[in-house]
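Each chain, letter by letter, is given below.
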Amino acid sequence: MGWIGETVDSVKSIQMRQLLTQAVSLGMIVTSALIIWKGLMCITGSESPVVVVLSGSMEPAFKRGDILFLHMSKDPIRAGEIVVFNIDGREIPIVHRVIKVHERQDTGEVDVLTKGDNNYGDDRLLYAQGQLYLQRHHIMGRAVGFLPYVGWVTIIMTEKPIIKYILIGALGLLVITSKD
């Protein structure tokens, strides 16, 4: 009958106690991942300590599919730094370089203007209508490191959801049918 038949027979032979054990193990893995994520958020000071570069706007510095590690400190943001920011009304964060820093004389707050290294002009067209600069609350973090190409897994699963469902199904089947 082959591999599929053996898998179906294996699933049928699972005892209720073993199924519960596997479910608890899966729950512990998911919970551990969430704890690690929340811990990274506390350590880095960033709401998203790891992001994937989704476009080629930062080439040659970062390519599509690179993973960036972020950190957000109280230090002032300087021109030349690479930041990840959110725009009001958009879900997906953007990774670009700070090209201009504007300090308000009355409050001392710093506003920044960004641009993708591979883009022709600055990002004012990306900002909310009438917005000329980003304020500190828009900035999610500064890029402090990266892993090239590792983020392609995320991009592929986002662009081709069937692959994501196949992978989740296969992992779930593996957890259910494992004998340990």
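The model shown is predicted, which means the values in this text are computed figures rather than measured ones.

(A) Here's a closer look at the packing of aromatic side chains. Within this structure, the stated rule accounts for 2 aromatic pairs. With centroids separated by 5.1 Å and ring planes inclined at 75°, the aromatic side chains of Phe 62 and Phe 146 adopt a geometry described as edge-to-face. Within this pair, whereas Phe 62 is found in the loop between β1 (50–52) and β2 (67–71), its partner Phe 146 is found in strand β6 (residues 139–147), the two being separated by 84 residues in sequence. For Phe 146, a relative accessible area of 41% translates into the label partly exposed.

(B) Structural detail: the UniProt feature "transmembrane region" (unreviewed entry) in the chain. In the numbering used here, UniProt assigns the feature "transmembrane region" (unreviewed entry) to residues 19–37, 139–156 and 162–178. Measuring from the first to the last C-alpha atom of residues 19–37 gives 27 Å, for a span that is 100% helix and 0% strand. In residues 139–156, helix accounts for 28% and strand for 50%; the two terminal C-alpha atoms are 26 Å from one another.

(C) Inspection of the pairing of strand β3 (residues 82–85) at higher detail. Alternating residues of β3 divide into Ile 82 and Val 84 and Val 83 and Phe 85, and every residue in both groups is buried. Sheet topology places β3 next to strand β4 (residues 94–103); 4 bridges connect them, and they run antiparallel. The residue bridging Ile 82 from the neighbouring strand is Arg 97, located in β4. Judged from the 3 bridges that link them, β3 and β6 form a sheet pairing that is antiparallel. Bridging from a neighbouring strand, Val 84 pairs with Gly 141 of β6.

(D) Molecular detail of the pairing of β4. Examined bridge by bridge, β4 and strand β5 (residues 110–115) share 6 bridges and lie antiparallel to one another. By the bridge assignment for β5, Glu 103 is matched with Val 110.

(E) Seen up close, the sheet that holds β3. Here we have 6 strands laid out as an open sheet, ordered β1-β2-β6-β3-β4-β5, and antiparallel in their pairing. If you trace the sheet from one side to the other, it starts and ends with β1 and β5, each paired once. Pairs of neighbouring strands in the sheet enclose a mean axial angle of 50°, with direction left out of account. Where β2 and β6 come together, 5 bridges link them in antiparallel fashion.

(F) Region of the structure containing a nonpolar patch on the surface. Taken together, the side chains of Tyr 149, Trp 152, Ile 156, Ile 162, Ile 163 and Ile 166 define a hydrophobic patch exposed on the protein surface, amounting to about 590 Å² of accessible area. Where the nonpolar patch is concerned, the elements lending two or more residues are α3 (152–159) and α4 (161–177). With respect to the helices and strands, Ile 162 occurs in helix α4. By relative accessible area, which is 55% here, Ile 162 ends up exposed.

(G) Up close: the packing of α3 against α4. At a closest axis distance of 4 Å, the pairing of α3 and α4 adopts a crossing angle of 110°. Relative to α4, the element α3 is oriented roughly perpendicular. Taking contact as the criterion, the partners of Ile 156, Met 157, Thr 158 and Glu 159 in α3 are, on α4, Pro 161, Ile 163, Lys 164 and Leu 167. For the contact of α3 with α4, the class distribution of residues is 5 nonpolar, 1 polar and 2 charged.

(H) Quick peek at the domain arrangement of the chain. Under the domain assignment used here, the chain contains domain 1 (1–44), domain 2 (51–148) and domain 3 (150–179). Its C-alpha centre places domain 2 at a distance of 31 Å from the equivalent point of domain 3. Every contact between the two is made by 8 residues of domain 2 and, on the other side, 6 residues of domain 3. Buried surface at the junction of domain 2 and domain 3, both sides included, amounts to about 580 Å², of which 63% is carbon and sulfur. It is Val 52, Arg 64 and Gly 65 that lose the most area in domain 2 upon contact with domain 3, and together they represent 66% of the buried surface on that side. Notably, a salt bridge pairs Arg 64 with Glu 159, separated by 2.3 Å at the nearest N-O pair. Seen at the junction of domain 2 and domain 3, the total is 5 residue pairs in polar contact (both at pLDDT 80 or more). Residues belonging to the side of domain 2 that touches domain 3 are distributed by class as follows: 6 nonpolar, 1 polar and 1 charged.

Cut-offs applied
- Residues numbered from 1 in each chain as written.
- Predicted model: local features only at pLDDT ≥ 70, side-chain atom pairs only at ≥ 80, totals over all residues.
- Heavy atoms only, no water.
- Phe/Tyr/Trp six-rings, centres within 6.5 Å; stacked < 30°, edge-to-face > 60°.
- Helix = DSSP H or I, 4+ residues; strand = E, 2+ residues; numbered from the N terminus.
- Buried < 20%, exposed > 50% of the residue type's maximum accessible area, 1.4 Å probe, protein only.
- UniProt positions renumbered as here; feature names shortened; annotations may be inferred.
- Pairing = 2+ DSSP bridges.
- Axes fitted to C-alpha atoms, helices over the stretch in contact; angles between N-to-C directions.
- Patch = residues over 30% accessible without salt bridge, like charges linked within 9 Å, V, L, I, M, F, W, Y side chains within 5 Å.
- Areas by Shrake-Rupley, 256 points an atom, 1.4 Å probe, with all protein chains shown as cover.
- Salt bridge = Lys/Arg side-chain N within 4 Å of Asp/Glu carboxyl O.
- Parallel < 35°, antiparallel > 145°, perpendicular 65-115°, else oblique.
- Contact = heavy atoms within 4.5 Å.
- Nonpolar A, V, L, I, M, F, W, Y, C, P; charged D, E, K, R; others polar.
- Domains from an automatic or database assignment.
- Buried area = accessible area lost by both parts, 1.4 Å probe.
- Polar contact = N/O pair within 3.5 Å; in protein donor to acceptor, adjacent residues only side chain to side chain.

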